Amino acid sequence: MLEFAGFLPFLLVIGMAAIQLGLVGYGANQAGSAARAGARAGSLNPGSGPAAAVASASGWLKPAPDPCGGDATITCTVTVRVPAIIPLFDGWDIRRTVTMPSDQTNQGS
């Protein structure tokens, strides 16, 4: 019993670190998906990229898209905030950028 009580804090820290690593991976996935959705929406309808990026990511990650734009290609960058569950850390900002060809340039052909 005494050995378990001494080892329990290490097990808790390892478990929390594993959960934190999963959250960071999930945040990176959500940022990439939001940037891709924003770039795709911006390529179809200019100006709609940031709204599509915010709508496609989990709200608790607080997605913050930059203005999506370009001429022949549309570039969309999204930053999400991954909260820290380990009290010693402050959380992480994860930023992903996606560039897609614009469908607006091909409609006249």
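Before reading further, recall that the structure is shown in the block above.
Keep in mind that what you see is a predicted model, and the values were worked out from it rather than measured.

Thresholds, definitions, all that
- Residues numbered from 1 in each chain as written.
- Predicted model: local features only at pLDDT ≥ 70, side-chain atom pairs only at ≥ 80, totals over all residues.
- Heavy atoms only, no water.
- Helix = DSSP H or I, 4+ residues; strand = E, 2+ residues; numbered from the N terminus.
- Rg over C-alpha atoms; globule rule 2.2 N^0.38 Å.
- Buried < 20%, exposed > 50% of the residue type's maximum accessible area, 1.4 Å probe, protein only.
- Contact = heavy atoms within 4.5 Å.
- Lys, Arg positive; Asp, Glu negative; His and termini not counted.
- Charge placed at Lys NZ, Arg CZ, Asp CG, Glu CD.
- Pairing = 2+ DSSP bridges.
- Axes fitted to C-alpha atoms, helices over the stretch in contact; angles between N-to-C directions.
- Patch = residues over 30% accessible without salt bridge, like charges linked within 9 Å, V, L, I, M, F, W, Y side chains within 5 Å.
- Areas by Shrake-Rupley, 256 points an atom, 1.4 Å probe, with all protein chains shown as cover.
- Salt bridge = Lys/Arg side-chain N within 4 Å of Asp/Glu carboxyl O.

Novice: I'm lost on the overall build of the protein chain in this one. Help?
Specialist: Across its full length, the protein chain carries two helices and three strands. Seen in sequence order, the protein chain has helices and strands lined up from the N terminus as α-α-β-β-β. In terms of C-alpha radius of gyration, the protein chain reaches 19 Å, well past the compact-globule figure of 13 Å for 109 residues. With the principal axes as the frame, the protein chain shows a C-alpha extent of 75 × 20 × 15 Å. Buried residues in the protein chain amount to 31% of all 109 residues. Of the contacts made within the protein chain by residues no fewer than 6 positions apart, 52% connect residues no fewer than 24 positions apart. Positive and negative side-chain charges of the protein chain, numbering 6 and 6 respectively, have mean locations separated by a distance of 4 Å.

Novice: Looking at this structure, I do not really get the sheet that holds strand β2 (residues 73–82). What am I missing?
Specialist: Paired through backbone hydrogen bonds, the strands of a sheet run either parallel or antiparallel to each other. Pairing is antiparallel in the open sheet, where three strands are placed in the order β1-β2-β3. The sheet is open, and its two edges are formed by β1 (64–65) and β3 (92–101), each paired on a single side. In the sheet, β2 pairs with β3 via ten bridges, with the strands oriented antiparallel. If you follow Thr77 over to β3, its bridge partner there is Thr97. Contacts from helix α1 (residues 2–44) reach β2 and β3 within the one sheet, and its direction differs from that of β3 by about 30 degrees.

Novice: What should I look at first to understand a nonpolar patch on the surface in this one?
Specialist: Side chains of Phe4, Phe7, Leu8, Phe10, Leu11 and Leu12 sit close together on the surface and give an oily, nonpolar patch of about 600 Å² of accessible area. Inspection of the secondary structure puts Phe10 in helix α1. With a relative accessible area of 53%, Phe10 lands in the exposed category.

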